[in-house]
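Overview (structure and organization)
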Amino acid sequence: MGTSLRGTGSEPLLKRGRVDPLGVVFVVVAAIGFGTLGPLARFASDVGFTAVAFALWRATSSVVALVVFLALGVMLGRVPTTRLRSISRIEWLQLAAMGGFVAGTTISLFFAFERTTIATALIVFYTFPVWVAIAAVPFFGEHLGRRKSAAIALSGVGLVLLLASPGASGAIDPIGVGLALLASLCQTGFALVGAGGFRSVPPLQSAALLRLFSLSIYGVLLVPLLVLLGQGHTVLEPIDSAEAWVLILTAGIVGAAIPAVLILAGYRRVGPTRGAVLMLVEPVTGVLLAMLLLAEQPTLLQLAGGVLVLVGAALVQLAPVHKPSPETQPATE
């Protein structure tokens, strides 16, 4: 990838060790926005959407919203942009990869929400900070060290507790868990590339481009596949009601477009370390909304396991980074 997980330090735009309050707000608000997707996906399923159809319409509405935001910002002279021909080849590849990660994360999570509880899916998904820490070893020459290894072990114990405990609705669905894990791996790729990639492209423009790449994946791969399987009607049938459009627009704008811009801007201000920790607000939001809106009540053992997973995920990002000497570090963009 040619990018550094931590750039020139944990906080790219500030002196090391200082906190950027605006960056913190950006990431937390983005996390809350993304946290709405579990209940929204469940409501969408109730009105007839399949996971693929809802992901497609959410992606479409988010791209339209981002393009409108970008056009208005440019017209008002408030939003900087980079000429498309000035974006380097490696940055185009990074944006395309990010689009793939977004599509993979969304589809996997929406299918996971259909098969297991929102709490289970989100907690398994939020093992991604652990995968980010592990991936930093071969990609960026970092060493785990005792503290990170202990944090990873803590998260692993929490995951075992979560999966070993039957919930109020019965045994944990292994396919749902596997889909949530796949989403976690896609999010790992998103975090690794997004923290240091395509630096010449401003956040709003970046969000619009990578979401456009994500939408193209649905259009080129998933929709034709549905048509071949005789399920093309599942894309259009659910959108004949006002309730469906409320869900599409809410998921696309509140749960995708606005958080997509804020997360990129926030990660660039606070860095991937603090960003990954602050994003733990997302599963908390999702679990609380599921309890309030869907009456999903996790057991005490599941809650204990979830807490250990999230604490481990936070600690693995907060633990000191051990890097090799400068001569052996990978180059950064």
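Our structure is the block above this text.
Residues numbered from 1 in each chain as written. Predicted model: local features only at pLDDT ≥ 70, side-chain atom pairs only at ≥ 80, totals over all residues. Heavy atoms only, no water.

**Some points on the overall build of the chain**
Rules: Starting at the N terminus, helices and strands are each numbered in turn, a helix being any DSSP run of H or I of at least four residues and a strand any DSSP run of E of at least two. Throughout this description, buried means an accessible area under 20% of the type-specific maximum (1.4 Å probe, protein chains only), exposed means over 50%, and partly exposed covers the range between. Any two residues whose heavy atoms approach within 4.5 Å are treated as being in contact.
Secondary structure assignment for the chain yields 13 helices and 0 strands. Order of helices (α) and strands (β) in the chain, N terminus to C terminus: α-α-α-α-α-α-α-α-α-α-α-α-α. Looking at the chain as a whole, 52% of its 333 residues are labelled buried. Long-range pairs, those at least 24 residues apart, make up 89% of the contacts in the chain with a sequence separation of at least 6.

**Some words on the packing of aromatic side chains**
Going by this rule: Any pair of Phe, Tyr and Trp rings, taking the six-membered ring for Trp, is counted once the centres come within 6.5 Å. Such a pair is stacked with planes under 30 degrees apart, edge-to-face with planes over 60 apart, and tilted for the rest.
Within this structure, the stated rule accounts for 8 aromatic pairs. Note on F49 and F54: the rings are 5.4 Å apart at their centroids and 55° apart in plane angle, and the pair reads as tilted. Members of the aromatic cluster, joined through ring pairs, are F49, F54, F110 and F113.

**Focus: the nonpolar core**
The criterion, for reference: We define the nonpolar core as a collection of buried residues of types Ala, Val, Leu, Ile, Met, Phe, Trp, Tyr and Cys that are connected through side-chain atoms lying within 4.5 Å of one another.
Counting 87 residues, the largest nonpolar core has F49, F110, F113, Y218, I263 and M279 as its most contacted members. Per-element accounting of this core gives the leading share, 15 residues, to helix α11 (residues 242-278). In this structure, V130, A133, I152 and V316 belong to the second largest nonpolar core, which totals 5 residues.

**Points about empty space enclosed by the protein**
So the rule is basically this: Grid points spaced at 1 Å over the protein atoms alone were grouped into cavities, where a 1.4 Å probe fits but cannot get out, and pockets, open sets with protein on both sides within 12 Å along at least five of seven lines, with lining residues defined by an atom within 4 Å of a point. Grid points are joined across faces, edges and corners, and a volume is the space filled by probe spheres set on the points. Three classes are used: nonpolar for Ala, Val, Leu, Ile, Met, Phe, Trp, Tyr, Cys and Pro, charged for Asp, Glu, Lys and Arg, and polar for all others, with Gly counted as polar.
One pass over the full model with this rule turns up 4 cavities of 30 Å³ or more. Its boundaries defined by the atoms lining it, the largest cavity holds a volume of some 270 Å³. Contributing to the lining of the largest cavity are 21 residues, with F34, R58, T105, F125 and Q187 lying nearest its centre. When contributions to the lining of the largest cavity are tallied by element, the ones reaching two or more residues are α2 (37-46), α4 (89-115), α5 (118-125) and α8 (174-196). The element contributing the most residues to the lining of the largest cavity is α4, with 7 residues. A class-by-class count of the residues in the lining of the largest cavity yields 14 nonpolar, 4 polar and 3 charged. Within this model, the second largest cavity holds a volume of roughly 40 Å³. For the second largest cavity, the full set of lining residues is A55, R58, A59, S62, V102, T106, R211, S214 and Y218. Elements with a minimum of two residues in the lining of the second largest cavity: α3 (51-75), α4 and α9 (203-228). The greatest single-element share of the lining of the second largest cavity, amounting to 4 residues, is contributed by α3.

**Some words on the environment of F69**
Among the secondary structure elements, F69 is positioned in helix α3. Under the relative-accessibility criterion, F69 is labelled partly exposed at 33%. Put simply, F69 and V79 are 10 residues apart on the chain and 9.2 Å apart in space, counted from C-alpha to C-alpha. Residues contacting F69, with those up to four places away along its chain left out, are L204, A257 and I258.

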